[in-house]
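Below are the chains, spelled out letter by letter.
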Amino acid sequence: MGEKLEGLKRTHMCGVLNESNIGENVTVMGWVQRKRNLGSLIFIDLRDRTGIIQAVFGNEINKEAFEKADRVKSEYVLAITGNLVKRSSPNYDIPTGMVEISAKSIKILSESETPPIYIKEGLDASEGIRLKYRYLDLRRPDMQRNLIVRYKTSKVIRDFMDENGFLDIETPMLTKSTPEGARDYLVPSRIFHGQFYALPQSPQLFKQLLMISGYDRYYQIVRCFRDEDLRANRQPEFTQVDMEMSFVDIEDVIEINERLIKKIFKEILGMNVKIPFDRITYKEAMERFGSDKPDTRFKMELKCLNDILKGTGFKVFKDVLDSKGDVRAINAKGCANFGRKEIDRLSEFVKTFKAKGLAWIALKGGEIKSPIAKYLTQEELNGILERMDAKDGDLVLICAGKPKVVFSSLGQLRIEIAKKTGLLKDNKEFNFIWVTEFPLLEYSEEEGRLVAVHHPFTAPMDEDLDILDTAPEKVRSKAYDIVLNGEELGGGSIRINDIKLQEKMFKVLGFTMERAWERFGFLLEAFKYGAPPHGGLAYGFDRMIMFLVNTDNIRDVIAFPKTKDASCLLTNAPSSVDESQLKELGISIVGKEKINS
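Residues numbered from 1 in each chain as written. Predicted model: local features only at pLDDT ≥ 70, side-chain atom pairs only at ≥ 80, totals over all residues. Heavy atoms only, no water.

1. Brief notes about the pairing of strand β2 (residues 41-48)
To keep things clear, this is the line we draw: Working definition: with a 1.4 Å probe on protein chains only, accessible area under 20% of the residue-type maximum means buried, over 50% means exposed, and in between means partly exposed. Comment: elements are numbered from the N terminus, with helices defined as DSSP H or I runs of at least four residues and strands as E runs of at least two. Note: two strands are recorded as paired if DSSP finds a minimum of 2 bridges between them.
In terms of burial, β2 is a largely internal element, seven of the eight residues being buried. Relative to β2, strand β1 (residues 25-37) runs antiparallel, the two being bridged by six bridges. Bridge assignment links V32 to a residue of β2, and that residue is L46. In the sheet, β2 pairs with strand β3 (residues 51-58) via eight bridges, with the strands oriented antiparallel. Residue R47 lies in a different strand from β3, and its bridge partner there is I52.

Okay, structure coming up:
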């Protein structure tokens, strides 16, 4: 059983002691990082969240403390008291390396078994073990730094929002299911059997209601939930920096958010981010980069070859163009040395984005090498090479098909080639760009109807209002995303604030008025009583922290994350519950098989 503190107080954290404290009597508390027994002397490195301090025990310093220190093992929890002295052999690798504690007393507050993982920086252990013993993983200095950066970033955001007139207002966690996007997490009601709450995918409707309520500027750092098929860097519960403002247009929302980002990067990284950020329309982003999240740190831009190949005799390209498809290409500079095996791999890669494959032209040693050269005229070949600005050593990769497939395939291909060739290795740039004028709607093959690209409450651009009934798929929206190095950092829009326009939007989406009022009647009703123009934005806070700490793993910036299948290895959630609990809720289990969707 561990010793009691018995009134002993800590005077300093381990990592803050330095030469200015020499001569002081100090008490530190923490975990044993390492112990070295040199016979007449015992050295213990004690660790807390601020760092490590060395304590030295010896018979001549204090015999009782020396004997007790001999029993200590890694990860024991100790309280050590002694005089701070200058080290005879400094350690220049740590901030406390010029000093050490000449220990006069030691309390063993808690003992430890041998941990299943090493508590050290840059641990090379399976993620499964790390998540099962997360409380040990979180002791590691790099994990603690990540979570401290997370806290500091949230404080910078809160301070900025307060200085700019925003109110932090909480919105409900138990709310109405309004499925129009990802699946909701449902919570059964004990009082109303057969009825359910939903956990919020975002506070969208409530923050709009707060604008109607006259609060003018709202923000919240809030947990959100989506029961979606997970990818590597998605979590079922995630944190969002959410905001909404009244009496604003797009420029107002963008301006304040650029200042917020500038402040975050200055306070956290000491970096001066230049504002205003570049902007690009959705249409231009797709045509140049094949993505609405363009990574602008490198070129390799898409070029359209439709005009050059108009009237071509090459059947593959001719059939695509006759069916109103696209032929586009990228120039992989210096990649003409790619072997056939590697080009075949890239061809298979684009097939995952529904492309049928790749055509290619390599310029090598002054010669054109291409399996399609014999099907093209010299004029067509020259036109392609000129359009692509192809030089000796370059590899032109061509994709043909439906425009959406071509954009997606080449957009992902340019990223894949950049990774393979090390184009972005050690790149320290932070390239911010706003993507604007997203389509308001898109056709869903799965649902057989138009769906909202962002959400049904996004306002259409004023110039396109007159075609909302006749050509809804051509309507642009007042939506905007902030993109950083090819990742969406946040997104938002100006909202609809007119009941007639909102009802029309639901109608275009295939809702009957009865169904629209059943799902969203509380919002439509509120519009009757004076809704100001309003808009906002939400950031993925977890992704923001990933950039700030330079990790590509979202689980490195969340204290207790879930695995890819939405389970918690630490607590074994989800789990079975007592039959009595189910009975109270009026629920019976009809099958226990795991669903693989």
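Alright, that's what it looks like, and here's the rest.
2. Considering the sheet that holds strand β13 (residues 326-332)
Sheet strands pair by backbone hydrogen bonding; their relative direction is either parallel or antiparallel. Let me state the cut-off plainly: Any two residues having at least one pair of non-hydrogen atoms within 4.5 Å are treated as being in contact. Only the contacting stretch of a helix is used when fitting its axis, a line to C-alpha atoms as for every element, and angles between N-to-C directions run 0 to 180 degrees.
Strands sit in the order β12-β13-β16-β14-β15 across an open sheet of five strands; the sheet is antiparallel. If you trace the sheet from one side to the other, it starts and ends with β12 (303-304) and β15 (367-369), each paired once. Against the sheet, helix α10 (residues 378-387) engages β12, β14 (359-364), β15 and β16 (395-401), with an angle of about 80° to β14.

3. A closer look at the pattern of salt bridges
Threshold: The salt bridge criterion pairs a side-chain nitrogen of Lys or Arg with a carboxyl oxygen of Asp or Glu, the two atoms within 4 Å.
Overall, the coordinates contain 51 salt bridges when judged by the stated rule. Between E284 and R288 there is a salt bridge; the shortest N-O distance is 2.7 Å. Placement of both E284 and R288 in helix α7 (residues 282-289) is noted, with a separation of four residues, approximately one turn of the helix. Between E367 and K369 there is a salt bridge whose closest N-O contact spans 3.7 Å. Take K369: its relative accessible area is 38%, and that puts it in the partly exposed class. One network of salt bridges, with partners in common, ties together R130, R134, D137, R140, D142 and D556.

4. Observations concerning the pairing of β13
Within β13, seven of the seven residues are buried, which leaves it mostly tucked inside the rest of the structure. With burial as the criterion, each face of β13 is covered, one bearing D326, R328, I330 and A332 and the other bearing V327, A329 and N331. Two elements, β12 and β13, share two bridges in a ladder whose sense is antiparallel. Among the inter-strand pairings, C304 is bridged to a residue of β13, identified as R328. In the sheet, β13 pairs with β16 via seven bridges, with the strands oriented antiparallel. Looking at β16, one finds that D326 is bridged to G401.

5. Digging into the nonpolar core
Let me state the cut-off plainly: By nonpolar core we mean a set of buried residues, namely Ala, Val, Leu, Ile, Met, Phe, Trp, Tyr and Cys, connected to one another through side-chain atoms within 4.5 Å. Bear in mind that the domain bounds are from an automatic or database domain assignment.
With 67 residues, the main nonpolar core has I157, I264, F432 and Y539 as its most contacted residues. Looking at this core element by element, the count peaks at eight residues for helix α6 (residues 250-269). Residue assignment places this core across two domains, with domain 2 (137-247 + 532-588) and domain 3 (275-281 + 429-531) each supplying three or more. Leaving out residues up to four positions away in the same chain, Y539 has contacts with T239, Q240, V241, M243, N257, L260, I261, I482, L489, G490 and M544.

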